[in-house]
Amino acid sequence: MIVAAKRMHQISEYFFSEKMKKIQNLEKNGLKIINLGIGNPDLLPPSGVIQKMKQASELKNANTYQSYIGIETLRNAISNWYKKIYQVDVDPKNEILPLMGSKEGIMHISMSYLDKGDEVLIPDPGYPTYSSISKLLEAKIIYYDLYEDENWLPRLENLSKAKMMWINYPHMPTGATISFEKLEQIVFFAKKNHVLLVHDNPYSLILNKKRSFSIFNVKGAKDIALELNSLSKSYNMPGWRVGMIIGKKKFIQNILKIKSQMDSGMYYPIQIGAIEAMNHDSKWVEKLNIEYLKRKKILWDICDFFNLKYARNSSGIFVWAKITDSDNNDRIWSDKVLKNYHIFVTPGRVFGHNGKGYVRFSMCCPVKILEQAKNRIFS
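Definitions and cut-offs
Residues numbered from 1 in each chain as written. Predicted model: local features only at pLDDT ≥ 70, side-chain atom pairs only at ≥ 80, totals over all residues. Heavy atoms only, no water. Helix = DSSP H or I, 4+ residues; strand = E, 2+ residues; numbered from the N terminus. Rg over C-alpha atoms; globule rule 2.2 N^0.38 Å. Contact = heavy atoms within 4.5 Å. Lys, Arg positive; Asp, Glu negative; His and termini not counted. Charge placed at Lys NZ, Arg CZ, Asp CG, Glu CD. Pairing = 2+ DSSP bridges. Axes fitted to C-alpha atoms, helices over the stretch in contact; angles between N-to-C directions. Phe/Tyr/Trp six-rings, centres within 6.5 Å; stacked < 30°, edge-to-face > 60°. Buried < 20%, exposed > 50% of the residue type's maximum accessible area, 1.4 Å probe, protein only. Core = buried A, V, L, I, M, F, W, Y, C linked by side-chain atoms within 4.5 Å. Salt bridge = Lys/Arg side-chain N within 4 Å of Asp/Glu carboxyl O.

A. Layout of the overall build of the chain. Regarding its fold elements, the chain presents 11 helices and 13 strands. Since a compact globule built from 379 residues should have a radius of gyration of about 21 Å, the 21 Å found for the chain is in line with a globular shape. By principal-axis analysis of the C-alpha atoms, the chain measures approximately 60 × 55 × 50 Å. Expressed as a percentage of contacts within the chain between residues at least 6 apart in sequence, the contacts between residues at least 24 apart total 73%. Each charge class in the chain was averaged separately, 54 positive and 37 negative side chains, and the resulting centres sit 2 Å apart.

Pasting the structure below:
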């Protein structure tokens, strides 16, 4: 008998992977499910991106192995993008590591810096992958609580010292943003306690009325911080798998040791398409946000029908809403909506203990489909 590794007992199949199988089975039985659960952008990348990729695919070197650190022009484009978006100077030679999506970066960073038993601070609620990868590496997870009445921000006075700390603003799943002053306080905490601070930052351009912050806007943050970013949400390129780690040379060199064992470089035409996307100006992002606001307002109508409580000033591609009924079990609520209206909404407990009693709606559906969902509910 071949037995799976013991570490496999620490995790289960990713929630959305398992849920999609159930939804597909329902659709095979003739039900048309509207999926408002997954943050999978449905819109096209900026004009010209796909054409640039097609052209690059015809080049002689397009199908060869690529550099583990990406082509020079991609790193230069990322550096210029960071300057344009965040007013941060990043050395394209030493401080940028392109990724095949920022999700793999969570694994690479964790493998580079977490040994068995090392303590890692993870937000609750938060992105489940922080926890699952930490469990695979047998690190000791210390969850730090985020609460609605505190704007989903950490109480630094309650945090214990750890090897690593994950933060994520604009926050997923709640859409909460962070002030520069609070970001400074978190950096100060990390420096004082010698904590590797990792800021996961893929949502900063989506419906964010405040300035888009990088962790490196804070003076001295490069000494103790890394930042993950992605083109998946900002430029509608989730399937392309284009992300990046930003950090000082020493950190990048260590992470590269892991990454270079796990892939053979990003497909050249995708790198060319990514460059084209980042070269677009703010008008493209403004147009994208106009579309998302239309979608968000329909989701607000749905939330109002169910008497759900939500924040209108949230950022990102989700609406995070609190169930106000006395029976506020989010899993049961989600199952009822699926059964009664054939609409899938994510239960908040997927994101941690403090997500219980909440649900998350995705804006990654066309207005026409969202209107169909609204009509199903209202009829």
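Next comes the rest of the description.
B. Focus on the sheet that holds strand β2 (residues 96-99). Across the sheet, seven strands lie side by side as β2-β8-β7-β6-β5-β3-β4; this open sheet has mixed pairing. Each edge of the sheet is formed by a strand with only one pairing partner; in this case those strands are β2 and β4 (140-145). Recorded for the sheet is a direction-independent mean angle of 20° between the axes of neighbouring strands. Relative to β4, strand β3 (residues 119-124) runs parallel, the two being bridged by six bridges. Across the sheet, the residue bridging to isoleucine 122 is tyrosine 143, located in β4. Set on the sheet, helix α3 (residues 72-86) makes contact with β2, β7 (225-230) and β8 (243-246); between it and β2 the angle comes to about 105°. Against the sheet, helix α4 (residues 102-113) makes contact with β2, β5 (164-167), β6 (196-200), β7 and β8, and its axis sits at roughly 160° relative to β7, the strand it touches most.

C. Main features of the packing of aromatic side chains. Applying the stated rule across the entire model yields 20 aromatic pairs. When the ring of tyrosine 113 is compared with that of phenylalanine 251, the centres are 5.8 Å apart and the planes differ by 90°; the resulting orientation is edge-to-face. In this pair, tyrosine 113 is assigned in helix α4 and phenylalanine 251 in helix α7 (residues 249-259), connecting sequence segments 138 residues apart. Both residues of the pair, tyrosine 113 and phenylalanine 251, count as buried. Measuring from centroid to centroid gives 5.6 Å for tyrosine 235 and tryptophan 284, while their planes differ by 20°, and the two rings are stacked.

D. Quick look at the nonpolar core. Counting 122 residues, the largest nonpolar core has Ile109, Met165, Trp166, Leu197 and Phe361 as its most contacted members. The element contributing the most residues to this core is helix α9 (residues 282-305), with nine residues. Among all residues touching leucine 197, those that are not within four sequence positions of it are Met165, Ile167, Ile186, Val187, Ala190, Ile215, Ile224, Ala225 and Leu226.

E. Up close: unusual backbone geometry. In this model, aspartate 124 is joined to proline 125 through a cis peptide bond whose omega is 5°. With respect to the element layout, proline 125 can be found in the loop between β3 and α5 (128-136). The linkage connecting methionine 172 with the following residue, proline 173, adopts the cis geometry, with an omega of 25°. Notably, tryptophan 152 is not glycine yet its phi reads approximately 55°, a positive angle. Secondary-structure assignment places tryptophan 152 in the loop between β4 and β5. Positive phi outside glycine occurs at histidine 194, with the angle close to 55°. Position of histidine 194 among the secondary structure elements: in the loop between α6 (180-193) and β6. For histidine 194, a relative accessible area of 62% puts it in the exposed group.

F. Quick look at the pattern of salt bridges. Scanning the entire structure with this criterion turns up 15 salt bridges. We note a salt bridge from glutamate 95 to lysine 222, for which the minimum N-O separation is 2.8 Å. With glutamate 95 in the loop between α3 and β2 and lysine 222 in the loop between β6 and β7, this residue pair connects regions lying 127 residues apart in the sequence. Residue classification places glutamate 95 among the buried positions, given a relative accessible area of 14%. Judged by relative accessible area, lysine 222 falls into the partly exposed class, the value being 22%. For the salt bridge of aspartate 223 with lysine 191, the shortest nitrogen-to-oxygen distance reads 3.6 Å. One end of the pair, aspartate 223, is in the loop between β6 and β7; the other, lysine 191, is in helix α6, and 32 residues separate them in sequence. Taking the relative accessible area as the measure of exposure, aspartate 223 reaches 43% and is therefore partly exposed. Taken together, the shared-partner salt bridges connect Asp42, Glu291 and Arg295 into one network.

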